[in-house]
Amino acid sequence: MEQFPKKEIETLWAPWRVEYFEKEPRDMEFLTAAARSSNDAESLVITRRKTAFLMMNRYPYAVGHLMAVPYRKTADLASLGENEIIELWNLVVHGQELLRRATRAQGFNIGLNLGECAGAGVTDHLHIHIVPRWKGDTNFMPVLAGTKTISEGLRALYDKLMDAQVKMENERVR
């Protein structure tokens, strides 16, 4: 039986995390920049529609964390038009299906954090979070070490999501 706490420190290698701390401080305008970008891969944009787009979160809670974002910068749900609301929720449904195919997600946390006191990291540009979950995916790291582990790099997952999207589009054409 192993001793707790351990006498030796184990190393958890995650060299791809350099993507995050090389970009410090966080770009709080990354949603607006992604909305305006012509380079979807660089901006981690998966799908664009007329009034909204689907992108990967640069600062994910879990691997595969996506966001449906209106192009129009607003913090107020009531300011969105009916077409924007419909398109945002259609992108949520699309994002769920992409994550089921690309990551075999078994469940999802979906929602909005509106306002700083509600946990919004970006308070002036609302977005809907789509966070995939798997049975048994919670762990002790945040509790004991104040650390979360993200098991896959953004670029590798971006490629998987784009492949899943192409397959979905090809299936619809048949």
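The coordinates are above.
All residue numbers refer to positions counted from 1 along the written sequence of the respective chain. Under the rules for a predicted model, residues below a pLDDT of 70 receive no local features and side-chain atom pairs below 80 are neither given nor counted, while totals for whole chains, interfaces and linings still include all residues. In computing side-chain values, all of the structure's heavy atoms are included and hydrogens and water are not.

**A few points about the nonpolar core**
Core analysis: the biggest nonpolar cluster contains 26 residues, and L54, M56, A68, I130 and L161 have the highest contact counts within it. Put simply, DSSP H or I for four residues or longer makes a helix, DSSP E for two residues or longer makes a strand, and each gets a number counted from the N terminus. Listed by contribution, the elements that provide at least two residues to this core are β2 (52-56), β3 (66-70), α4 (82-103), β5 (128-133) and α6 (154-173). Residue contacts are defined here by distance: any two heavy atoms, one from each residue, within 4.5 Å place the two residues in contact. Those residues in contact with L54, other than ones at most four positions away along the chain, are L44, V45, I46, T47, L66, M67, A68, L91, H94, G95, L98 and I130. What makes a nonpolar core is a set of buried Ala, Val, Leu, Ile, Met, Phe, Trp, Tyr and Cys residues whose side-chain atoms join them at distances within 4.5 Å. Remark: exposure states derive from per-residue accessible area (1.4 Å probe, protein chains only) relative to the maximum for the residue type, with buried under 20%, exposed over 50%, and partly exposed in between. In this structure, L31, A35, Y59 and V69 belong to the second largest nonpolar core, which totals 11 residues.

**Considerations on the pattern of salt bridges**
Two side chains with opposite charge may pair up if their charged atoms get near one another. What makes a salt bridge here is a side-chain nitrogen of Lys or Arg within 4 Å of a carboxyl oxygen of Asp or Glu, nothing more. Evaluated as defined, the whole model comprises seven salt bridges. A salt bridge links R101 to E97; the shortest N-O distance between them is 2.8 Å. Of the two residues, R101 and E97 are both situated in helix α4; the distance of four residues between them amounts to about one turn of the helix. Under the relative-accessibility criterion, E97 is labelled partly exposed at 26%. In this structure, R101 and E171 form a salt bridge, with 2.7 Å as the shortest nitrogen-oxygen distance. You can see R101 sitting in helix α4 and its partner E171 sitting in helix α6, a full 70 residues away along the chain. Taking relative accessible area as the criterion, R101 reaches 34% and is therefore assigned partly exposed.

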